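Examining the three-dimensional arrangement
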Amino acid sequence: IRLEGDRVTALSNICPHSGGPLGLGRLDGDILTCPWHDWRFEITSGECLNRPGKCAQVFEVKVEGDEVRVKI
């Protein structure tokens, strides 16, 4: 996900709640909402805002020129 300026983050497409497709969720600033059950995630940390202790997986990202490399 490209954030303001040159910031980029990579978050798993799989919601830890029931496997919902996070890539189809709604993004509002740094908050991504799962389309299935409205779990909300802070996209740079993966922390679930409405279920403390639950997290979506966040991947390390490197931007090299025009390429974005995600370490999986």
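Look a little higher up for the structure.
Report follows, based on the coordinates.

Here is what the cut-offs are and how they apply
Residues numbered from 1 in each chain as written. Predicted model: local features only at pLDDT ≥ 70, side-chain atom pairs only at ≥ 80, totals over all residues. Heavy atoms only, no water. Phe/Tyr/Trp six-rings, centres within 6.5 Å; stacked < 30°, edge-to-face > 60°. Buried < 20%, exposed > 50% of the residue type's maximum accessible area, 1.4 Å probe, protein only. Pairing = 2+ DSSP bridges. Helix = DSSP H or I, 4+ residues; strand = E, 2+ residues; numbered from the N terminus. Axes fitted to C-alpha atoms, helices over the stretch in contact; angles between N-to-C directions.

**Let's talk about the packing of aromatic side chains**
Each pair of aromatic rings is reported with the distance of its centres and the angle of its planes. One pass over the full model with this rule turns up 1 aromatic pair. Ring centres of Trp-39 and Phe-41 lie 6.5 Å apart, and the angle between their planes is 40 degrees; on these two criteria the pair is classed as tilted. For Trp-39, a relative accessible area of 7% puts it in the buried group. What makes Phe-41 buried here is its relative accessible area of 0%.

**Topic: the sheet that holds strand β3 (residues 31–33)**
An order of β2-β3-β4 is seen for the 3 strands of this open sheet, with the pairing classed as antiparallel. A strand with exactly one partner marks an edge of an open sheet, and here the two such strands are β2 (26–28) and β4 (40–42). Strand-to-strand twist in this sheet, taken as the mean axis angle between neighbours without regard to direction, amounts to 25 degrees. Bridging between β3 and β4 involves 3 bridges; their strand directions are antiparallel. Paired with Ile-31 across the two strands is Glu-42, which belongs to β4.

**Quick word on the pairing of strand β6 (residues 67–71)**
With 5 bridges joining them, strand β5 (residues 58–64) and β6 adopt antiparallel strand pairing. Its bridge partner being in β6, Lys-62 is matched across the sheet by Arg-69. What sits between β5 and β6 in their antiparallel hairpin is a turn of 2 residues, with Gly-65 showing a positive phi close to 65 degrees.

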